[in-house]
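The lines below spell out each chain.
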Amino acid sequence: FALWPFSRGVAEDASLYAVHFLVEAKAAGFDVPADRLEAALAWVRGRLDQAISPNADEEEWREDMQARAYMCHILALAGRPDAGWNARLREQSGKLNFAARAHAASALLLAGEPRQALPLLESLVLPVARPRSPGRLLDSDVRDAALLLSAWLDVDPENEAVARLVQYLRDRQQDGHWGNTQDDAFALLAFG
C-alpha cells in the first residue's frame, strides 16, 4: 500500500497496519476482497522472508525485528503462522522492544502456543508513558498497552494485568481519543 492516493511506492509500515486491519475486518465479518487480501498477505510473507541487512546497527535491528514480529502477528491472525520466525522471536525476546515482544506473544498465542507466549507476556509490565516515536512504526505507550491488553484478553481475561492495562489506557485518553488514528485503532481494538 502507498501512503497517499496515486503514490506508487510501498509504505512498508503503513502497509503492515493496513493488512493487519484488513485481516481484523475479515475476522469481524466484513466483506474484504479475497484476491486483494491474498496479495497483501503474500507481500507480508515475502517481506518476512527477506534477509536482515548484515550492516544493521542495533537500533535498525530492533526496528526490523519489531516489524517482523508484527508480520508474524498478522500472519498468525490470518491463520498462517510462521513457526520458524515465531521461534526466532521467542529466542531473541531479551533483545526485543516492548511492542516486538507483545506482537511475538500474540503471534504465538494465535498459533496455538500459549506456553511459549506466557513468558513473553509476563515479562511485560505497564509501558512507560512517553511521547510517540515519529519513526517507522509510530510507536507509543498507548499502542504498546493496547497490544499487551489484546494479548492478555486472548489468553487470560481474568489476569490482574488486564485491569491495570484498561486503567492505563483510560488514563491516557484525552478528549475522547488517544492521540492519533493508530493509537485510537489499537486501543479500540483492545477494548472491543
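Cut-offs and rules
Along each chain, residue indices are assigned from 1 in the same order as the chain's sequence is written. Local features in this predicted model are restricted to residues whose pLDDT is 70 or higher, and side-chain atom pairs enter the listing and the counts only when it is 80 or higher, whereas totals over whole chains, interfaces and linings include all residues. The basis for every side-chain value is the complete set of heavy atoms in the structure, and neither hydrogens nor water enter the calculation. Helix numbers and strand numbers start at the N terminus; a helix is a DSSP run of H or I with at least 4 residues, a strand a run of E with at least 2. As a reference, a globule follows 2.2 Å times the number of residues to the power 0.38, and the radius of gyration itself is taken over C-alpha atoms. Exposed residues in this analysis have more than 50% of their type's maximum accessible area, buried residues have under 20%, and partly exposed residues fall in between, with area computed by a 1.4 Å probe over protein chains only. Whether two residues touch is decided by their heavy atoms; if any such pair falls within 4.5 Å, the residues are in contact. Note on areas: Shrake-Rupley with a 1.4 Å probe; residue coverage comes only from the protein chains shown. We treat Lys and Arg as the positive residues and Asp and Glu as the negative residues; His and chain ends play no part in the count. For charged residues, the charge sits on one atom: NZ in Lys, CZ in Arg, CG in Asp, CD in Glu. Lines fitted to the C-alpha atoms define the axes, with helices restricted to the stretch that makes contact. Angles between their N-to-C directions range from 0 to 180 degrees. Geometric relationships in this document are graded by angle, where less than 35 degrees denotes roughly parallel, more than 145 denotes roughly antiparallel, 65 to 115 denotes roughly perpendicular, and other angles denote oblique. Helix crossings fall into two classes, left-handed where the near helix is turned counterclockwise from the far one by less than a right angle and right-handed where it is turned clockwise. Here a polar contact means two N or O atoms within 3.5 Å. Within protein one must be a hydrogen donor candidate and the other an acceptor candidate, and residues neighboring in sequence count only if both atoms are side-chain atoms. Within this document, salt bridges are pairs made up of a side-chain nitrogen of Lys or Arg and a carboxyl oxygen of Asp or Glu, the two lying within 4 Å of each other. Within 6.5 Å between ring centres, the rings of Phe, Tyr and Trp (the latter by its six-membered ring) count as paired, and their orientation is classed by plane angle as stacked under 30 degrees, edge-to-face over 60, tilted in between. The criterion is that NZ of a Lys, or CZ of an Arg, lies within 6 Å of the ring centre and within 35 degrees of the ring normal, and then a charge sits over that ring.

Asker: Please set out the overall build of the chain residue by residue, giving values where relevant.
Answerer: Looking only at helices and strands, the chain has nine helices and zero strands in total. Listing each helix as α and each strand as β along the chain from the N terminus yields α-α-α-α-α-α-α-α-α. A globule of 192 residues ought to have a C-alpha radius of gyration of about 16 Å, and the chain, at 16 Å, matches this closely. Principal-axis analysis of the C-alpha atoms places the extent of the chain at approximately 40 × 40 × 35 Å. Among the 192 residues that make up the chain, the fraction classed as buried is 43%. Taking all contacts inside the chain whose residues are at least 6 apart in sequence as the whole, residues at least 24 apart take part in 63%. Accessible surface computed for the chain: about 10,100 Å², of which carbon and sulfur atoms make up 53%. Of the charged side chains in the chain, 20 are positive and 28 negative, and the gap between their average positions amounts to 3 Å.

Asker: Quick rundown of the packing of helix α1 (residues 12-27) against helix α2 (residues 34-49)? Include the residues and the values.
Answerer: Viewed as axis vectors pointing N to C, α1 and α2 meet at an angle of 130°, and their least axial separation amounts to 10 Å. For the element pair α1 / α2, the angle class is oblique. You can see that α1 and α2 cross each other, and the crossing is left-handed. Taken together, the residues of α2 that come into contact with α1 (itself represented by Glu12, Ser15, Leu16, Val19, Leu22, Val23 and Lys26) are Leu37, Ala40, Leu41, Trp43, Val44 and Arg47.

Asker: I'd love a proper account of unusual backbone geometry, names of residues and values included.
Answerer: Even without being glycine, Phe6 reaches a positive phi, approximately 70°. Mapped onto the fold, Phe6 is located in the segment before α1. Backbone geometry places Asp175, a non-glycine residue, at a positive phi of 55°.

Asker: So what about the side chain of Arg47? Which residues, and what values?
Answerer: Within the secondary structure, Arg47 is located in helix α2. A relative accessible area of 9% means that Arg47 is categorised as buried. At a separation of 2.9 Å, a polar atom in the side chain of Arg47 contacts the side chain of Asp64.

Asker: Go over the pattern of salt bridges, please, and point to the residues and values.
Answerer: Evaluation of the coordinates by the stated rule reveals nine salt bridges. Taking the shortest distance from any N to any O, the salt bridge between Arg47 and Glu12 comes out at 2.8 Å. Within this pair, whereas Arg47 is found in helix α2, its partner Glu12 is found in helix α1, the two being separated by 35 residues in sequence. Between Asp82 and Arg45 there is a salt bridge, with the nearest N and O atoms lying 2.4 Å from each other. With Asp82 in the loop between α3 (58-77) and α4 (83-91) and Arg45 in helix α2, the pair connects residues that are 37 residues apart, well separated along the chain.

Asker: Give a description of the packing of aromatic side chains that names residues and reports values.
Answerer: We describe a pair of aromatic rings using the distance from one ring centre to the other and the angle between the two ring planes. All chains considered together, the criterion is met by five aromatic pairs. On the basis of an interplanar angle of 85° and a centroid distance of 5.6 Å, the ring pair of Phe21 and Phe186 is categorised as edge-to-face. Linking Phe21 in helix α1 with Phe186 in helix α9 (residues 181-191), this pair joins segments that are 165 residues apart in sequence. A cation sits over an aromatic face here: Lys95 above Trp61, 6.0 Å from the ring centre. Sitting above the plane of the Tyr70 ring, Arg143 keeps its charged end 5.3 Å from the centroid.

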